[in-house]
Amino acid sequence: MTYYNQLSCLSAEELQAAELIGVTESYVIRKASVASTAAAVDDLTVKRLYVTLMLYGLWKQQTVWDVAARFKTSRGFLQNLLTSAASFASSILFFCQELDEFWAYQDLLGNFVKKLSYCVNMDLIALMEIPGVKQVQ
């Protein structure tokens, strides 16, 4: 039911994005009640959306404590997930920097990686880059 609660809290645009990949509210309700589902949605897709909702909560600058409590998961798992996502985004940025064809993505991904790594307002990123500040956070 945690999945359904999080899905029902989404805005109309966010819910539409979930529906585009096949995860509808009715699908989640049927899966929770162990009823057979007519829609053939891959379980991996459903799990990825769930993890994406966790990252989205952090992206919206909610604390790790709050997101972990909302999704009933450990803070360690959430921090590991965030670190993995930031590392992967950073490797994609370096890949784009090496290939001239992807020059347009460098500025976009640079800001994305910084915001994902620190999960703070863009105005505070300069402060987060001061040595020792992130350790206290």
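All values derive from a computational prediction rather than experimental measurement.

Rules used in this analysis
- Residues numbered from 1 in each chain as written.
- Predicted model: local features only at pLDDT ≥ 70, side-chain atom pairs only at ≥ 80, totals over all residues.
- Heavy atoms only, no water.
- pLDDT = per-residue confidence, 0-100.
- Helix = DSSP H or I, 4+ residues; strand = E, 2+ residues; numbered from the N terminus.
- Expected span 1.5 Å × (residues − 1).
- Buried < 20%, exposed > 50% of the residue type's maximum accessible area, 1.4 Å probe, protein only.
- Contact = heavy atoms within 4.5 Å.
- 1 Å grid on protein atoms, 1.4 Å probe; cavity = no way out; pocket = protein on both sides within 12 Å on 5 of 7 lines; lining within 4 Å.
- Points joined across faces, edges and corners; volume = space filled by probe spheres on them.
- Core = buried A, V, L, I, M, F, W, Y, C linked by side-chain atoms within 4.5 Å.
- Axes fitted to C-alpha atoms, helices over the stretch in contact; angles between N-to-C directions.
- Parallel < 35°, antiparallel > 145°, perpendicular 65-115°, else oblique.
- Left-handed = near helix turned anticlockwise from the far one by under 90°.
- Nonpolar A, V, L, I, M, F, W, Y, C, P; charged D, E, K, R; others polar.

A. Structural detail: the confidence of the model for the protein chain. Across the protein chain, pLDDT averages 83, with 85% of residues at or above 70. When mean pLDDT is taken per element in the protein chain, helix α6 (residues 75–98) scores highest with 93 and helix α9 (residues 133–136) scores lowest with 54.

B. Quick peek at helix α4 (residues 43–59). Compared with the 24 Å implied by 1.5 Å per residue over 17 residues, the 24 Å span of α4 between its first and last C-alpha is a close match. Taken together, the buried positions of α4 are V46, L49, Y50, L53, M54, L55, G57 and L58. As for α4, its buried residues are in contact with α1 (2–8), α2 (12–20), α3 (25–32), α5 (64–71) and α6.

C. Local environment of the layout of surface pockets. Volume-wise, the second largest pocket comes out at about 160 Å³. At the level of secondary structure, the elements contributing two or more residues to the lining of the second largest pocket comprise α4 and α7 (105–118). In terms of residue count, the dominant contributor to the lining of the second largest pocket is α4 (4 residues).

D. Layout of the nonpolar core. Ranked by size, the top nonpolar core spans 32 residues in total, and within it Y3, L7, V23, M54, L58 and L78 carry the most contacts. Mapped by element, the contributors of at least two residues to this core are α1, α2, α3, α4, α5, α6 and α7. Among the elements that line this core, the one with the most residues is α6, at 8 residues.

E. View of the packing of α5 against α6. Following both chains from N to C, one finds α5 and α6 inclined at 115 degrees, their axes separated by 9 Å at the closest point. In terms of axis orientation, α5 runs roughly perpendicular to α6. Here the hand of the crossing between α5 and α6 comes out right-handed. Where α5 abuts α6, its residues V64, W65, V67 and A68 lie against R75, L78 and Q79. Of the residues assigned to the contact of α5 with α6, the class counts are 5 nonpolar, 1 polar and 1 charged.

F. Focus on the packing of α4 against α5. Running from N to C, α4 and α5 point in directions that differ by 150 degrees, and their axes come no closer than 9 Å. Of the possible angle classes, the one that applies to α4 and α5 is roughly antiparallel. Handedness of the crossing formed by α4 with α5: right-handed. On the side of α4, the interface is formed by Y50, L53, M54, G57 and L58, while α5 contributes V64, V67 and F71.

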